[in-house]
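# Topology and contacts: notes
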Amino acid sequence: MENQAVQEFHVTYFDADCGRARAEVFDTLEDAERFACRHCHGEDSWAVVDAVTVERVRIAA
């Protein structure tokens, strides 16, 4: 069994269509920032990008 630390990027944003905060996960910072920018278009819109380190466990077969 092998553990490997990787970084993923969580975007929390306000979805004006339903009036709720939502979240998406991306593998690259560029994709996360591009997604966040698309959701910051109005006065009440917001998005936050967080870098999160997670351990992925790989099990030997």
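First, a word on what this report is: a plain description of the structure on this page. (Residues numbered from 1 in each chain as written. Predicted model: local features only at pLDDT ≥ 70, side-chain atom pairs only at ≥ 80, totals over all residues. Heavy atoms only, no water.)

### Side note on helix α1 (residues 29–38)
Note the threshold: A simple rule labels every residue: compare its accessible area, found with a 1.4 Å probe on the protein chains alone, to the largest value its type can have, and call it buried under 20%, exposed over 50%, or partly exposed in between. Each helix is a run of H or I in the DSSP string that is no shorter than four residues. Each strand is a run of E no shorter than two, and both are numbered from the N terminus. Working note: the arc is built from the helix axis to C-beta atom directions.
Within α1, the full set of buried residues consists of Ala-32, Phe-35 and Ala-36. The arc that holds every buried residue of α1, seen down its axis, measures 100°, which confines them to one face. Counted as exposed and oriented over 90 degrees from the buried face of α1: Glu-30, Cys-37 and Arg-38.

### Observations regarding the packing of aromatic side chains
Note on aromatic pairs: each is described by the distance of the centres and the angle between the planes. Stated precisely, the cut-off is as follows: Under the pairing criterion, centres of Phe, Tyr and Trp rings, with the six-membered ring standing for Trp, must be within 6.5 Å; the plane angle then separates stacked pairs below 30 degrees from edge-to-face pairs above 60, leaving the rest tilted.
Taken as a whole and assessed by the stated rule, the structure comprises two aromatic pairs. Residues Tyr-13 and Phe-35 carry aromatic rings whose centres are separated by 5.1 Å and whose planes lie at 80° to one another, so their mutual orientation is edge-to-face. Highlighted residues: Tyr-13 in strand β1 (residues 2–15) and Phe-35 in helix α1, separated in sequence by 22 residues. Judged by centre distance (5.1 Å) and plane angle (45°), the ring pair of Phe-26 and Phe-35 falls under tilted.

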